[in-house]
Amino acid sequence: AQKITQTQPGMFVQEKEAVTLDCTYDTSDQSYGLFWYKQPSSGEMIFLIYQGSYDEQNATEGRYSLNFQKARKSANLVISASQLGDSAMYFCAMREGLGGADGLTFGKGTHLIIQP
Amino acid sequence: KAGVTQTPRYLIKTRGQQVTLSCSPISGHRSVSWYQQTPGQGLQFLFEYFSETQRNKGNFPGRFSGRQFSNSRSEMNVSTLELGDSALYLCASSPLWGDEDTQYFGPGTRLTVL
């Protein structure tokens with residue numbers, strides 16, 4: 001079974017609209033971290049936002065927020081007021097356990113295209 | 001602070017050759033991880049180094065190896081290259097201080113095997 005599932009391979013959104021990118025995860029660990037990364041066509045992975053499994057409040061970073069629903073194992077990324085520069089691949093990732101040794105498990109990504 | 005740097009950015013090799021990729025982490029970061037990204041398999045974890053020790057390795061053959069130096073810089077090596085090794089290789093560094101384990105990625109090395 002996939003550990004990270006992103007069900008939207010591609011999305012077209014009008015500029016200035018809000019966008020929600022879906023991510024569900026599967027783990028039996030009590031301690032884990034959830035991350036969202038943006039990958040423009042240049043290839044570099046840009047860190048956007050982090051949510052720890054014990055964090056009670058949803059994470060926010062500027063125009064990005066993470067809608068964390070632990071019981072549903074859901075960690076959706078919300079981008080408010082989308083901009084043309086938001087067009088990119090977006091990856092949800094999970095780190096299980098503590099200490100970072102196990103690496104990140106990534107979903108297959110969502111290709112977001114912002115239309116003017 | 002300077003970000004994660006990777007050299008070279010692009011590389012073309014032929015089957016059977018070997019290749020070494022280099023990664024310099026963000027200053028102060030002690031952990032370096034490597035990932036392979038291909039259109040078919042997506043992003044896959046290769047290995048992670050901390051204090052010059054490999055702590056974990058993904059499901060890759062022994063042709064893939066790496067090391068970390070005392071200054072936290074890391075190299076990965078792929079021997080006997082195969083066509084399927086063509087990929088974007090991403091390096092990421094993490095401070096690993098307390099709960100801070102966010103991984104910050106470099107621009108990647110795009111390897112083409114002919």
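This text follows the structure it describes.
Since we're looking at a predicted model, the values are computed, not measured.

**Q** Which residues make up the side chain of Asp86(A), and what are the values?
**A** Residues and elements named next belong to chain A. With respect to the helices and strands, Asp86 occurs in the loop between strand S9 (74-79) and strand S10 (88-96). Classification of Asp86 as buried rests on a relative accessible area of 2%. Polar contacts involving the side chain of Asp86 include one to the main-chain amide nitrogen of Gln83, which spans 2.7 Å. Those residues in contact with Asp86 that sit more than four places away from it in its chain are Lys38, Arg63, Tyr64, Ile79, Leu112 and Ile114.

**Q** Describe the pattern of salt bridges, listing the residues and the values that go with them.
**A** Under the criterion given, the structure shown has 9 salt bridges over all chains. Between Arg63(A) and Asp86(A) there is a salt bridge, with the nearest N and O atoms lying 2.8 Å from each other. Here Arg63(A) is found in the loop between strand S7 (60-61) and strand S8 (64-69), whereas its partner Asp86(A) is found in the loop between S9 and S10, with 23 residues between them in sequence. Residue Asp101(B) is joined to Arg95(A) by a salt bridge in which the shortest nitrogen-to-oxygen separation is 2.4 Å. In this pair, Asp101(B) is assigned in the loop between strand S9 (87-94) and strand S10 (104-105) and Arg95(A) in strand S10, connecting two distinct chains.

**Q** Which residues make up the interface of chain A and chain B, and what values do they have?
**A** Taken together, the contact between chain A and chain B spans 18 residues of the former and 18 residues of the latter. Inspection of the chain A/chain B interface yields 1 salt bridge. Across the chain A-chain B interface, the total number found is 4 residue pairs in polar contact (both at pLDDT 80 or more). Elements supplying a minimum of two residues to the side of chain A that touches chain B: strand S5 (32-39), strand S6 (46-52) and S10 of chain A. At 3 residues, the largest contribution of residues to the side of chain A that touches chain B is made by S5(A). When the residues that make up the side of chain A that touches chain B are grouped by side-chain class, the tally is 9 nonpolar, 6 polar and 3 charged.

**Q** Can you explain the environment of Tyr49(B)? Please cite residues and give values.
**A** Residues and elements named next belong to chain B. The topology assignment puts Tyr49 in strand S5 (residues 42-50). A relative accessible area of 4% places Tyr49 in the buried class. C-alpha of Tyr49 to C-alpha of Pro61: the two residues are 12 residues apart in sequence and 17 Å apart in space. Apart from residues lying up to four places away in sequence, Tyr49 is in contact with Arg30, Ser31, Val32, Gln54, Ser65, Gly66, Arg67, Gln68 and Ser74. A polar atom in the side chain of Tyr49 sits 2.9 Å from the side chain of Gln54. At 2.6 Å, the side chain of Tyr49 and the backbone oxygen of Gly66 are in polar contact.

**Q** Lay out unusual backbone geometry in plain terms, naming residues and giving numbers.
**A** Cis geometry is found at the peptide bond from Thr7(B) to Pro8(B), where omega equals -15°. Relative to the helices and strands, Pro8(B) resides in the loop between strand S1 (5-7) and strand S2 (10-13). Phi at Lys73(A) is positive, roughly 55°, even though this residue is not glycine. Here Lys73(A) is to be found in the loop between S8 and S9. With a relative accessible area of 29%, Lys73(A) lands in the partly exposed category.

**Q** Let's hear about the sheet that holds strand S8 (residues 74-78) of chain B: which residues, and what values?
**A** Residue and element names in this part refer to chain B. The strand order across the open sheet formed by 4 strands is S1-S3-S8-S7, and the pairing between neighbours is antiparallel. Here the strands that pair on one side only, and so sit at the sheet edges, are S1 and strand S7 (64-68). Averaged over all neighbouring strand pairs, the angle between strand axes comes to 20°, with direction disregarded. Here S7 pairs with S8 via 5 bridges, running antiparallel. Following the sheet pairing, Gly66 is matched in S8 by Met76.

Cut-off values and rules
Residues numbered from 1 in each chain as written. Chains lettered and ligands numbered in written order. Predicted model: local features only at pLDDT ≥ 70, side-chain atom pairs only at ≥ 80, totals over all residues. Heavy atoms only, no water. Helix = DSSP H or I, 4+ residues; strand = E, 2+ residues; numbered from the N terminus. Buried < 20%, exposed > 50% of the residue type's maximum accessible area, 1.4 Å probe, protein only. Polar contact = N/O pair within 3.5 Å; in protein donor to acceptor, adjacent residues only side chain to side chain. Contact = heavy atoms within 4.5 Å. Salt bridge = Lys/Arg side-chain N within 4 Å of Asp/Glu carboxyl O. Nonpolar A, V, L, I, M, F, W, Y, C, P; charged D, E, K, R; others polar. Pairing = 2+ DSSP bridges. Axes fitted to C-alpha atoms, helices over the stretch in contact; angles between N-to-C directions.

Limitation: the analysis is restricted to geometry and does not speak to function.
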